[in-house]
Every structure is written in structure tokens, then in C-alpha cells.
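Here are the chains, one letter per residue:
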Amino acid sequence: MADKISDETIEYVSILAKLELTEKEKEQAKKDMGTMLAYIGKLNELDTTGVEPMSHVFPAKNVFREDEVTGTQAVEEMLGNAPCRKEDMFVVPKTIG
């Protein structure tokens, strides 16, 4: 394990994560982070020449369509099934106290 995690690093990470760690938990976190860094170092040994980066395991394409301007509906037709209305508007329940 070439990368050693310092006490300052653990302290900084715990502050960022808003954690209050005991000394025992800090020591365990140092071991766990060291293990993670060792594993990442092992992954960095792999030859990835010619391997394209990917953002998802399945091929993805843009599933959004372009906005299309279409005809409008009459106000009466839009409000026809409204459970509650006031003049030319929908009335919805208040959601914020």
C-alpha cells in the first residue's frame, strides 16, 4: 500500500461528510481508504489502450424529441374536465402551509 492516508486527510474528509468519528473509527477509516486506494492502483495497472470510455453499460442515445409547435385548444375545452375552476383558471389545493 504505497499511499498512506494521513490523520489530517481523515479529519478533513470527516468534516466534509459532517461526521464525528471516534479515534477507533478514524483508524478504521484510514485502513478502509488505504484499501480502496490500493485497489484503484491495481486497476490503474490494466492496459486500457483502445478501450473507449463509456458513461453507461448499455448503448444510449438521446431519447428526447424536438419541441414542435402545434395548434392550441380553446380555453373551455381545456377546462372542461377541471374538477374545480375559477374563471379561466384551474384551482388547485394549496401545497405549502
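Residues numbered from 1 in each chain as written. Predicted model: local features only at pLDDT ≥ 70, side-chain atom pairs only at ≥ 80, totals over all residues. Heavy atoms only, no water.

Caption draft 1: The arrangement of the overall build of the chain in detail. Within the chain, the secondary structure is distributed over three helices and two strands. N-terminal to C-terminal, the α/β element order of the chain is α-α-α-β-β. Taken over C-alpha atoms, the radius of gyration comes to 28 Å for the chain, far larger than the 13 Å a tight globule of 97 residues would show. Entry remark: accessible area of the chain is about 9,800 Å², with carbon and sulfur atoms responsible for 58%. (Helix = DSSP H or I, 4+ residues; strand = E, 2+ residues; numbered from the N terminus. Rg over C-alpha atoms; globule rule 2.2 N^0.38 Å. Areas by Shrake-Rupley, 256 points an atom, 1.4 Å probe, with all protein chains shown as cover.)

Caption draft 2: Broad picture of the side chain of Lys 26. Inspection of the secondary structure assignment puts Lys 26 in helix α2 (residues 23-44). Accessibility expressed as a relative area gives 17% for Lys 26, which makes it buried. Beyond its immediate sequence surroundings of up to four residues, Lys 26 is in contact with Ile 10, Glu 11 and Leu 21. (Buried < 20%, exposed > 50% of the residue type's maximum accessible area, 1.4 Å probe, protein only. Contact = heavy atoms within 4.5 Å.)

Caption draft 3: Quick peek at the environment of Val 75. The topology assignment puts Val 75 in helix α3 (residues 75-79). The exposure class assigned to Val 75 is partly exposed, which follows from its relative accessible area of 37%. Measuring from C-alpha to C-alpha, the distance between Val 75 and Asp 88 comes to 7.0 Å, with 13 residues separating the pair along the chain.

Caption draft 4: Representation of unusual backbone geometry. The phi dihedral of Lys 18 is positive, around 55°, even though this residue is not glycine. With respect to the helices and strands, the residue Lys 18 is situated in the loop between α1 (7-16) and α2. The exposure class of Lys 18 is exposed, given its relative accessible area of 75%. The phi dihedral of Glu 87 is positive, around 55°, even though this residue is not glycine. Here Glu 87 is to be found in the loop between β1 (85-86) and β2 (89-90).

Caption draft 5: Quick peek at the pattern of salt bridges. Taken as a whole and judged by the stated rule, the model has six salt bridges. The shortest N-O distance in the salt bridge between Lys 30 and Asp 7 comes to 2.7 Å. Taken together, the residues Lys 30 in helix α2 and Asp 7 in helix α1 connect sequence positions 23 residues apart. With a relative accessible area of 47%, Asp 7 lands in the partly exposed category. Overlapping salt bridges bring together Asp 7, Glu 27 and Lys 30 as one network. (Salt bridge = Lys/Arg side-chain N within 4 Å of Asp/Glu carboxyl O.)

Caption draft 6: Quick look at a nonpolar patch on the surface. A cluster of nonpolar side chains, Tyr 12, Val 13 and Leu 16, forms an exposed patch at the surface whose accessible area comes to about 310 Å². Considering the arrangement of structural elements, one finds Tyr 12 in helix α1. Judged by its relative accessible area of 54%, Tyr 12 is exposed. (Patch = residues over 30% accessible without salt bridge, like charges linked within 9 Å, V, L, I, M, F, W, Y side chains within 5 Å.)

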